[in-house]
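Coordinate analysis (summary)
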There are 2 protein chains.
Amino acid sequence: MARTDLDFSPAPPATERGRRTRRKLLDAATAEFGERGFHDASIASITRRAGVALGSFYTYFGSKEAIFRDLVRDLSDGVRRAAAERLAEREMSSLDTEQAALAAFLAFAREHSEIYRIIDESEFVDPESYRAHYEKTAERILGRLRTGAASGQLRGDLEEAHAWAIMGMNVFLGLRYAVWSDGENAADDAERAAQAANSILAKGIGPRTPD
Amino acid sequence: MARTDLDFSPAPPATERGRRTRRKLLDAATAEFGERGFHDASIASITRRAGVALGSFYTYFGSKEAIFRDLVRDLSDGVRRAAAERLAEREMSSLDTEQAALAAFLAFAREHSEIYRIIDESEFVDPESYRAHYEKTAERILGRLRTGAASGQLRGDLEEAHAWAIMGMNVFLGLRYAVWSDGENAADDAERAAQAANSILAKGIGPRTPD
């Protein structure tokens, strides 16, 4: 099902009104693809959800494939921004930075519970976007690890594989404790996930507790 | 696309010959679903790959949905067995146990490179099997962590969230260093992944190196 016939979307709108309409269509597409999956989703239903005329769709997106791809990039960018905003709030140690990045991701995943389904479906609908999402996320983590190593706060031998390991921890903690959490325990669950990840990164799972 | 119309398969074959034919069909289904995805896969193509008469298919499986579900369970069980065999080879410390379990998983993923695609697609084709695969895998990891904690080799406060974190590390290291590794560097890549995971579990990512 790898697709090679992806259309491209027109250039992004230049006006504020255009940007708002494009945003409405992307949000409607999040709900549509999240609920119905790529194959059953329709452009007519996306425009209906957005309250936008069917014909306007093509001002912003080239096709159903094109809006799906743009949406994966948009969600991927949302993950990036959520972490960046949290990390900009205050100066943090390297370990606190990783904990804050995970907390921001868990909050984003709770608010956008469709994100797992949409990014996971991109493995089949648009494999390049799927791979790009994880490669970029791992690169950002690796950048933070290198910053921490340079300042002596983290081990000097951290490399790409450590970044992928940390990303995997975060993705699966998000799946279990944000997406699959029942509403009642959501806050406790997020806290438990953040503590678990942080304690592994701080000291591993062995019996010694250096702090 | 969550399916509720899954047929069930007949009881497993009682004869050795029957078990061999069922195995051939599952292996053919691995190739078929792995290459073409669930929607484009066909029972006719699975039986052709297996060298089995089309009509015989229904002796073993109720439908395309049923063989897909049985295949997810079969692959999930293959992951379990690959680790169990490796761990039975010799007595190991708790940290060596986790490293050996990851090495066994990476080897299994390299040999069965379709496993990611098939298990990932089960999120859409058969969500219950998808969830069961990860819940069972996390339970096994938690069991090992508790054994290690009981013998004083691991921290006493390890719980479900730590197991999910370790599972996520393993899944993403497998994606990057087994499935997406190019053939030439596969052995180096697996080694790098195993070292990264092990060093995080042994001592975290901080600058102190207690060993």
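Residue positions are given per chain, counted from 1 along the sequence in the order it is written. To label them, take the chains in the order written and letter them from A, then take the ligands in the order written and number them from 1. Residues qualify for local features only when their pLDDT is at least 70, as the model is predicted, and side-chain atom pairs are given and counted only at 80 or more; totals for whole chains, interfaces and linings, by contrast, use all residues. Hydrogens and waters are ignored; side-chain quantities use all the structure's heavy atoms.

1. Thoughts on the overall build of chain A
Along chain A, the regular secondary structure elements total 9 helices and 0 strands. Reading chain A from its N terminus to its C terminus gives the helix and strand order α-α-α-α-α-α-α-α-α. For the C-alpha atoms alone, the extent of chain A along its principal axes is close to 65 × 40 × 35 Å. Burial status follows relative accessibility: with a 1.4 Å probe on protein chains alone, a residue under 20% of its type maximum counts as buried, one over 50% as exposed, and anything between as partly exposed. Per-residue burial for chain A yields a buried fraction of 55% across its 211 residues. Counting only contacts in chain A whose residues sit at least 6 apart along the sequence, the fraction spanning at least 24 positions is 64%. Here chain A has roughly 9500 Å² of accessible surface; of this, 47% comes from carbon and sulfur atoms. By the criteria applied, helices consist of DSSP H or I runs no shorter than four residues and strands consist of E runs no shorter than two, each listed in order from the N terminus. Whether two residues are in contact is decided by their heavy atoms, any of which lying within 4.5 Å being enough. All accessible areas in this document rest on Shrake-Rupley with a 1.4 Å probe, and a residue is counted as covered only by the protein chains that are shown.

2. A closer look at the interface of chain B and chain A
Each partner contributes to the interface: chain B provides 52 residues, whereas chain A provides 52 residues. In total, about 4800 Å² of surface goes out of reach between chain B and chain A, with carbon and sulfur atoms giving 67% of it. A side-chain nitrogen of Lys or Arg and a carboxyl oxygen of Asp or Glu constitute a salt bridge if their distance falls within 4 Å. Glu159 of chain B serves as the salt-bridge partner of Arg192 of chain A, at 3.4 Å between the closest nitrogen and oxygen. As used in this structure description, the phrase polar contact means that two N or O atoms lie within 3.5 Å; if the pair is within protein, one of them must be able to donate a hydrogen and the other to accept it, and residues adjacent in sequence are counted only when both atoms belong to side chains. The interface formed by chain B and chain A contains 18 residue pairs in polar contact (both at pLDDT 80 or more). Put simply, the parts of the chain that give the side of chain B that touches chain A at least two residues each are α1 (16–40), α6 (115–125), α7 (127–150), α8 (160–179) and α9 (186–203) of chain B. Among the elements that make up the side of chain B that touches chain A, the one with the highest residue count is α8 of chain B (15 residues). Three classes are used: nonpolar for Ala, Val, Leu, Ile, Met, Phe, Trp, Tyr, Cys and Pro, charged for Asp, Glu, Lys and Arg, and polar for all others, with Gly counted as polar. Residues belonging to the side of chain B that touches chain A are distributed by class as follows: 29 nonpolar, 8 polar and 15 charged. Values labelled buried area give the accessible surface lost by two parts on being combined, using a 1.4 Å probe and summing over both.

3. So, the relation of the copies chain B and chain A
The two copies are related by a screw operation: chain B maps onto chain A through 180° of rotation and 0.0 Å of translation along the axis, at an RMSD of 0.0 Å. This pairing of chains is accounted for by a two-fold axis. Interface overlap between copies is the fraction of interface residues in one copy that are interface residues in the other; for chain B against chain A it reaches 100%, indicating a shared surface. Copies are brought into register by a least-squares superposition over C-alpha atoms of residues with pLDDT of at least 70 in both.

4. Points about the packing of aromatic side chains
Planes of paired rings set the category: under 30 degrees apart is stacked, over 60 is edge-to-face and the rest tilted, where pairs are Phe, Tyr or Trp rings (Trp by its six-membered ring) whose centres lie within 6.5 Å. Inspection of the entire model under this criterion finds 22 aromatic pairs over all chains. Between the aromatic rings of Phe105 of chain A and Tyr116 of chain A, the centroid separation amounts to 6.2 Å while the plane-to-plane angle is 50°, which identifies the pairing as tilted. Of this pair, Phe105 of chain A sits in helix α5 (residues 94–111) while Tyr116 of chain A sits in helix α6 (residues 115–125), and the two are 11 residues apart along the sequence. Summarising the aromatic geometry, the rings of Phe124 of chain A and Phe124 of chain B are spaced 6.3 Å apart at their centres and angled 85° between planes, so their arrangement reads as edge-to-face. Taken together, the positions of Phe124 of chain A in helix α6 and Phe124 of chain B in helix α6 put the pair across two chains. Each member of the pair Phe124 of chain A and Phe124 of chain B is classed as buried. We count a charge as sitting over a ring when the NZ of a lysine or the CZ of an arginine lies within 6 Å of the ring centre and within 35 degrees of the ring normal. For Lys64 of chain A, the ring lying beneath its charged end belongs to Phe38 of chain A, and the centroid distance is 4.6 Å. The aromatic ring of Trp180 of chain B is capped on one face by Arg131 of chain A, whose charged end is 4.5 Å from the ring centroid.

5. Some words on the pattern of salt bridges
Opposite charge on two side chains lets them pair, provided their charged atoms get close. All names here are of chain A. For the structure shown, the criterion picks out 29 salt bridges over all chains. Note that Arg131 and Glu135 form a salt bridge whose closest N and O atoms lie 3.0 Å from each other. Taken as a pair, Arg131 and Glu135 lie in helix α7 (residues 127–150) at a separation of 4 residues, close to a single helical turn. Here the residues in one salt-bridge network are Glu32, Glu35, Arg36 and Arg49, joined through shared partners.

6. Observations regarding the confidence of the model for chain A
All names here are of chain A. Per-residue confidence from the prediction method is given by pLDDT, with values spanning 0 to 100. Within chain A, residue pLDDT values average 91, and 95% of them lie at 70 or more. When pLDDT is averaged over each helix and strand of chain A, the minimum, 88, is found for helix α9 (residues 186–203) and the maximum, 98, for helix α2 (residues 43–50). Across residues 1–5 the pLDDT falls below 50, and counting only partners more than four positions away or on other chains, this stretch makes 13 contacts in the model.

7. Describing the environment of Glu65 of chain A
Tracing the sequence through the fold places Glu65 of chain A in helix α4 (residues 64–88). For the pair Glu65 of chain A and Gly156 of chain A, spaced 91 residues apart in sequence, the C-alpha separation works out to 43 Å.

8. Quick look at helix α4 (residues 64–88) of chain B
In a regular helix each residue adds 1.5 Å, so 25 residues correspond to 36 Å; α4 of chain B covers 35 Å between its end C-alpha atoms and thus fits that length. The opening residue of α4 of chain B is Ser63 of chain B, an N-cap whose side-chain oxygen sits 3.4 Å from the backbone nitrogen of Glu65 of chain B. Helix span, as expected, comes to 1.5 Å for every residue beyond the first.

9. Quick look at the environment of Ser56 of chain A
Residues and elements named next belong to chain A. Within the secondary structure layout, Ser56 lies in the loop between α2 and α3 (57–60). Among the residues examined, Ser56 registers a relative accessible area of 26% and is labelled partly exposed. Taking C-alpha positions, Ser56 is 9.7 Å from Arg22, a pair spaced 34 residues apart along the chain.

10. Brief notes about the domain arrangement of chain A
Residues and elements named next belong to chain A. On domain assignment, one finds that chain A holds domain 1 (8–62) and domain 2 (70–203). If you average the C-alpha positions of domain 1 and of domain 2, the two centres end up 27 Å apart. Facing the 15 residues of domain 1 at the interface are 8 residues of domain 2. Both faces considered, domain 1 and domain 2 share a buried interface measuring about 930 Å² in area, 60% of it formed by carbon and sulfur atoms. Counting across the interface, domain 1 meets domain 2 through 1 salt bridge. Between Asp74 and Arg23 there is a salt bridge whose closest N-O contact spans 2.8 Å. At the junction of domain 1 and domain 2, the tally comes to 3 residue pairs in polar contact (both at pLDDT 80 or more). Partitioned by chemical class, the residues of the side of domain 1 that touches domain 2 number 6 nonpolar, 5 polar and 4 charged. Residue ranges assigned to the domains are those given by an automatic or database domain assignment.

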